[in-house]
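Listed here are the chains, written in short residue letters.
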Amino acid sequence: MTNLSCGIVGLPNVGKSTLFNALTRKQIPSENYPFCTIDPNIGIVNVLDPRLQILSDQTKSKKIVYATVTFVDIAGLVKGASQGEGLGNQFLSHIRETDAIAQVVRCFEDPNVIHVAGAIDPIQDIEVITLELILADLQMVENVLLRLEKQAKGRKDLLPSLDFLKKAAAHLNQSLPMRSLALTPEEELILKHYNFLTRKKVLYICNVGENDLPALDNPFVQRVRDYAAAEGSCVVAVCAKIEEEISRLDEKDTPEFLSSLGLKESGLDRVIRETFSLLDLITFLTTGDIETRAWTIKKGMTAAEAAGKIHSDIEKGFIRAEVVSYEDMLRYKGRVGAREAGKAPSEGREYLVKDGDVVLFFHG
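Residues numbered from 1 in each chain as written. Predicted model: local features only at pLDDT ≥ 70, side-chain atom pairs only at ≥ 80, totals over all residues. Heavy atoms only, no water.

Participant: If you had to explain the overall build of the protein to someone new, which residues and values would you point to?
Facilitator: For the protein, the helix and strand inventory stands at 14 helices and 12 strands. Considering the protein as a whole, with its 364 residues, one finds that 52% of them fall into the buried category. (Helix = DSSP H or I, 4+ residues; strand = E, 2+ residues; numbered from the N terminus. Buried < 20%, exposed > 50% of the residue type's maximum accessible area, 1.4 Å probe, protein only.)

Next comes the structure, spelled out in structure tokens:
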């Protein structure tokens, strides 16, 4: 996973496109009416990591390559979308391709911005969208079951898949998302063949008003936090309006502006950090005279698997990995100093890579 992708969903008029503009510095329409976003807008954002510049200065790299997150702004959903209401199923295929779902939830009062349901109720908003995703998953399962039941006659190898899909259908029929269904290790393997929308991890982005700064908190946000905690999801509160202002600033002016509002970092940084945490992702680093680069991997990956993220040939021909922690790269002023201090051990294929490891792979 060198590029993480996150689908941004939400009811119309919750501030979704405003936030997307801010996150990706792309100016797309965010007018005050439903369905101004039809095709998904895609923005690729660098995960700014100050460690890369410092390593690059050490090794005099010609370029720096940051890890990236792709945000996909998916058309405003409405009740009945899975049955073709609003823009119907157009949005579903776009969500299926993403690693995680970020649902923007309106947590601000503003008489000038209409709410699609007429009143501010973040939990009801969340449940409307979750139900549409459940119904879409149910539709997929029922279509597959029809096909599989015909094929399974006389084919015992298909029975575990059939049983799993029936179990999934029963769960979805109770209006429950797939992420709340306990699965056996065997069922987890079968699950990999089916891209359930409601199995994806969810980050709730509470869009608050400017009067909620700098705490980024209010009773609406608290309700979303309680709801998310019960299902094991994450929450980030942002003010989309302020994020849009930040996105128009020169990068060097951003810290001062944030500080004037009592904020330590931008919403984008917090959204990215929470998404990494939600998906159990970490970053390892490589540096040399050609480039200094961040690589995104799953926590718990071995050195050989991490090598495969750079190139499959490096994984195949893996000999060893020389690993220096980022802190030791700083302390001993680079890899040579770390070696001399005995802080550059050689690790084998099974070494578990840690966040901030600066790795040099040797391969045949």
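Participant: So what's going on with the packing of aromatic side chains? Which residues, and what values?
Facilitator: Within this structure, the stated rule accounts for six aromatic pairs. Ring plane angle 75° and centroid distance 6.1 Å describe the contact between Tyr204 and Tyr227, whose orientation is recorded as edge-to-face. Separated by 23 residues along the polypeptide, Tyr204 in strand β6 (residues 201–207) and Tyr227 in helix α7 (residues 219–231) bring together distant segments of the chain. For Tyr227, a relative accessible area of 23% gives the class partly exposed. Consider the rings of Phe284 and Trp295, whose centres lie 6.3 Å apart with planes at 15°: the pair is stacked. Highlighted residues: Phe284 in strand β8 (residues 281–287) and Trp295 in strand β9 (residues 291–298), separated in sequence by 11 residues. Each member of the aromatic cluster is reached from another via a ring pair, and the members are Phe284, Trp295, Phe318 and Phe361. Across the ring face of Phe108, the terminal group of Arg106 is positioned such that the distance to the ring centre comes to 4.4 Å. A cation over an aromatic ring shows up here: Arg320 above the ring of Phe362, its NZ or CZ 3.9 Å from the ring centre. (Phe/Tyr/Trp six-rings, centres within 6.5 Å; stacked < 30°, edge-to-face > 60°. Lys NZ or Arg CZ within 6 Å of the ring centre and 35° of its normal.)

Participant: Break down empty space enclosed by the protein for me, citing the residues and quoting the values.
Facilitator: Scanning the model with the defined rule gives one cavity of 30 Å³ or more in all. By volume, the largest cavity is sized at about 40 Å³. As for the largest cavity, its lining consists of Ile101, Gln103, Ile129, Thr130, Leu133, Arg179, Val202 and Tyr204. Ranked by the residues each element gives to the lining of the largest cavity, the list is headed by helix α4 (residues 122–151), at three residues. (1 Å grid on protein atoms, 1.4 Å probe; cavity = no way out; pocket = protein on both sides within 12 Å on 5 of 7 lines; lining within 4 Å. Points joined across faces, edges and corners; volume = space filled by probe spheres on them.)

Read these as spatial facts, not as claims about activity.
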